[in-house]
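In case you want the letters, here they are:
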Amino acid sequence: EAGVVQSPRYKIIEKKQPVAFWCNPISGHNTLYWYRQNLGQGPELLIRYENEEAVDDSQLPKDRFSAERLKGVDSTLKIQPAELGDSAVYLCASSLGVAGGWSSYNEQFFGPGTRLTVL
Amino acid sequence: SQQGEEDPQALSIQEGENATMNCSYKTSINNLQWYRQNSGRGLVHLILIRSNEREKHSGRLRVTLDTSKKSSSLLITASRAADTASYFCATDATQKYGNKLVFGAGTILRVKS
């Protein structure tokens, strides 16, 4: 079974340029997540989709970041314009779904990430 | 913001020794999970322990959870060079927009052969 696919793996851009990352989750996974991981830190959630609906985008800097998951399968995360502080690894993850309640099980499967360097 | 805090930040041991990593968190949780990240790669889920469980085993991994102290530990027994990686605890808690995983900053483990 194929895992979570992300592209590109690496991206170097000048500040103020736009950039986009693509993610294809594991087949059948209705929940998709985008995380940002700064150097030496754990991942931080940017946005979570349930099918094509963004159910939690509270941590997404909406002035420059946007995301879409039009058909409820693959997703694109965009930054426009990029700033120096956006340099990080952008991780996509997917899971079968969130059951809710005290016994919820939420194993997430992560892609390899896109390492973004903004110069 | 990150809820979990791992301790130590870095750990260096010899192959065959045991490695213990600790995680503390701040709020009530549904479950706590441990992930491993090899250099330059994505995270891999290792083990999940529910809030009503105190200990769980998986192969060479042993996880404990103390909800009264809001802390967890991950023990890797008989470590191998291939265990060299960063280890993250992540707490699953019900928040405003549903369940959410919040990761700590991680422990860097180096196993020397």
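Our structure's up above, just so we're on the same page.
All values derive from a computational prediction rather than experimental measurement.

### A closer look at the overall build of chain A
So, step 1. Along chain A, the regular secondary structure elements total zero helices and 11 strands.
So, step 2. When the elements of chain A are put in sequence order from the N terminus, they spell out β-β-β-β-β-β-β-β-β-β-β.
So, step 3. Dimensions of chain A, computed from the C-alpha atoms along their principal axes, are close to 45 × 30 × 30 Å.
So, step 4. With 119 residues in all, chain A has 45% of them scored as buried.
So, step 5. The contacts of chain A with a sequence gap of at least 6 include a subset with a gap of at least 24, amounting to 57%.

### What about the pairing of strand β3 (residues 19-24) of chain B?
Residues and elements named next belong to chain B.
So, step 1. Residues of β3 alternate between two faces, with Ala19, Met21 and Cys23 buried on one and Thr20, Asn22 and Ser24 left unburied on the opposite face.
So, step 2. In terms of strand pairing, strand β1 (residues 5-7) meets β3 through three bridges, oriented antiparallel. Looking across to β3, one finds that glutamate 6 is bridged to cysteine 23.
So, step 3. Summarising the sheet, β3 and strand β8 (residues 71-76) pair through six bridges and their orientation is antiparallel. Along β8, the bridge assignment pairs serine 24 with serine 71.

### Looking at the packing of aromatic side chains
So, step 1. The tally for this structure, following the rule as stated, stands at eight aromatic pairs over all chains.
So, step 2. The interplanar angle of 90° and the centroid separation of 5.7 Å between the aromatic rings of A:Tyr35 and B:Phe103 together place this pair among those described as edge-to-face. Of the two residues, A:Tyr35 sits in strand β4 (residues 31-37) while B:Phe103 sits in strand β10 (residues 98-103), which places them in two different chains.
So, step 3. Seen in terms of ring centroids, A:Phe110 and B:Phe103 are 6.0 Å apart; in terms of plane orientation they differ by 80°. Their pairing is edge-to-face. Of the two residues, A:Phe110 is situated in strand β10 (residues 109-110) and B:Phe103 in strand β10; the pairing between them involves two chains. Neither residue differs from the other here; A:Phe110 and B:Phe103 are each classed as buried.
So, step 4. Joined through ring pairs, the aromatic side chains of A:Tyr33, A:Tyr35, A:Phe110, B:Tyr35 and B:Phe103 make up one cluster.

### As for the interface of chain A and chain B
So, step 1. In this complex, chain A contributes 28 residues to the contact, which on the side of chain B involves 26 residues.
So, step 2. With both sides pooled, the region where chain A packs onto chain B buries about 2200 Å², and carbon together with sulfur makes up 46% of that total.
So, step 3. Linking chain A with chain B are zero salt bridges, by the criterion used here.
So, step 4. Put simply, chain A and chain B have three residue pairs in polar contact (both at pLDDT 80 or more) between them.
So, step 5. Take the side of chain A that touches chain B: its biggest share by element is three residues, from strand β5 (residues 44-50) of chain A.
So, step 6. When its residues are assigned to classes, the side of chain A that touches chain B shows 10 nonpolar, 13 polar and five charged.

### Things to note about the state of the cysteines
So, step 1. Applying the stated criterion across every chain yields a total of two disulfides over all chains.
So, step 2. What pairs with A:Cys23 in a disulfide is A:Cys92, and their sulfur atoms sit 1.9 Å apart. Across the S-S bond of A:Cys23 and A:Cys92 the torsion is about -70°, and the bridge reads as left-handed. Pair noted here: A:Cys23 is in strand β3 (residues 19-24) and A:Cys92 is in strand β9 (residues 88-95), with a separation of 69 residues, a long-range link. In this structure, A:Cys23 and A:Cys92 share a single accessibility class: buried.
So, step 3. For B:Cys23, the disulfide goes to B:Cys89, at an S-S distance of 2.0 Å. Between B:Cys23 and B:Cys89 the disulfide shows an S-S torsion of about 65°. By sign, it is right-handed. Placement of the pair is B:Cys23 in strand β3 and B:Cys89 in strand β9 (residues 85-95), with a sequence separation of 66 residues. When sorted by exposure, B:Cys23 lands in the same class as B:Cys89, which is buried.

Each value, and the rule that gives it
Residues numbered from 1 in each chain as written. Chains lettered and ligands numbered in written order. Predicted model: local features only at pLDDT ≥ 70, side-chain atom pairs only at ≥ 80, totals over all residues. Heavy atoms only, no water. Helix = DSSP H or I, 4+ residues; strand = E, 2+ residues; numbered from the N terminus. Buried < 20%, exposed > 50% of the residue type's maximum accessible area, 1.4 Å probe, protein only. Contact = heavy atoms within 4.5 Å. Pairing = 2+ DSSP bridges. Phe/Tyr/Trp six-rings, centres within 6.5 Å; stacked < 30°, edge-to-face > 60°. Buried area = accessible area lost by both parts, 1.4 Å probe. Salt bridge = Lys/Arg side-chain N within 4 Å of Asp/Glu carboxyl O. Polar contact = N/O pair within 3.5 Å; in protein donor to acceptor, adjacent residues only side chain to side chain. Nonpolar A, V, L, I, M, F, W, Y, C, P; charged D, E, K, R; others polar. Disulfide = S-S within 2.5 Å.

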